[in-house]
Amino acid sequence: MKPTIIVEGREDVAILRALLSPELVNACHLLATAGRSTIVSVARTHLIKNRAPTAVLLDTDTLDPTIIAETIQTTRHLMGTVAGDTPFDIIYCIPHVEVIFFEDTGLLKRVFPQFDGVFIREFAKTQPKDQLALLFQKGGGPKTLSAFLDQLTSDDVEKLRAANPIRHAMAFIANNSQIAA
């Protein structure tokens, strides 16, 4: 059974599809849910029904280390109670997966000509999803996530793959399938 990565929505699937190698995308299932409120329930049901290795790519929605630790611990417990011998993992993004785009702003400066006039470092750190939406609206570049992902070069993709949540997802897929990361 192919490993499955369950994410909070279609945008997260699009990000993973853009950043994972075609080999890794073909070696797994990427499953979008209706958001954070349903992700653990969907993951637990998937584990019970399919007994397939399952990872949850979870936005923490906070920078508070105590809340993050509690969320991860609770999610790990809930998954563990149904997993049995089936491998599972929690891949967490602090506070959202979109934060990876702000780790090196060179890509954003290249893609969004008005970047410097729109970028607010603290906003990107605390609300990266909203900062990216602001760039789509006023950055003078792509207007959608899809158009933005289409602008990524192979060098951009390699840099973004080094970000912890993406690297973690790649390792989970490779460790639970017949391919190497």
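Structural notes, computed from the coordinates. (Residues numbered from 1 in each chain as written. Predicted model: local features only at pLDDT ≥ 70, side-chain atom pairs only at ≥ 80, totals over all residues. Heavy atoms only, no water.)

A few words now on the packing of helix H3 (residues 36-50) against helix H4 (residues 65-83). It is the contact of H3 with H4, at a shortest axis distance of 8 Å, that shows an interaxial angle of 25°. Comparing the axis directions of H3 and H4 gives the class roughly parallel. As H3 runs across H4, the sense of the crossing is right-handed. Contact residues: H3 offers Arg36, Val40, Ala43, Arg44, Leu47 and Ile48, while H4 offers Thr71, Thr75, Leu78, Met79, Thr81, Val82 and Ala83. (Axes fitted to C-alpha atoms, helices over the stretch in contact; angles between N-to-C directions. Helix = DSSP H or I, 4+ residues; strand = E, 2+ residues; numbered from the N terminus. Parallel < 35°, antiparallel > 145°, perpendicular 65-115°, else oblique. Left-handed = near helix turned anticlockwise from the far one by under 90°. Contact = heavy atoms within 4.5 Å.)

Our next topic: the sheet that holds strand S2 (residues 29-32). Across a sheet, paired strands are connected by hydrogen bonds in the backbone, their directions being either parallel or antiparallel. Taking strand neighbours across the sheet as the criterion, the four strands line up as S2-S1-S3-S4 in an open arrangement whose pairing is parallel. Strands at the two margins of the open sheet, each flanked by one partner only, are S2 and strand S4 (88-93). In this sheet, adjacent strand axes meet at a mean angle of 20° when their direction is disregarded. One ladder, built from four bridges, connects strand S1 (residues 4-7) with S2; its direction is parallel. Bridge pairing in S2 places valine 7 opposite alanine 32. Sheet contacts for H3: S1, S2, strand S3 (54-59) and S4; angle to S3, the most-contacted strand, approximately 175°. (Pairing = 2+ DSSP bridges.)

Among the secondary structure elements, glutamate 98 is positioned in the loop between S4 and helix H5 (106-111). Buried charged residue glutamate 98 carries no salt bridge. Nearest counter-charge: lysine 129, at 4.1 Å. In this view, glutamate 98 contacts Glu11, Asp12, Ile15, Pro128, Lys129 and Leu132; residues no more than four positions away in its chain are not counted. (Buried < 20%, exposed > 50% of the residue type's maximum accessible area, 1.4 Å probe, protein only. Lys, Arg positive; Asp, Glu negative; His and termini not counted. Salt bridge = Lys/Arg side-chain N within 4 Å of Asp/Glu carboxyl O.)

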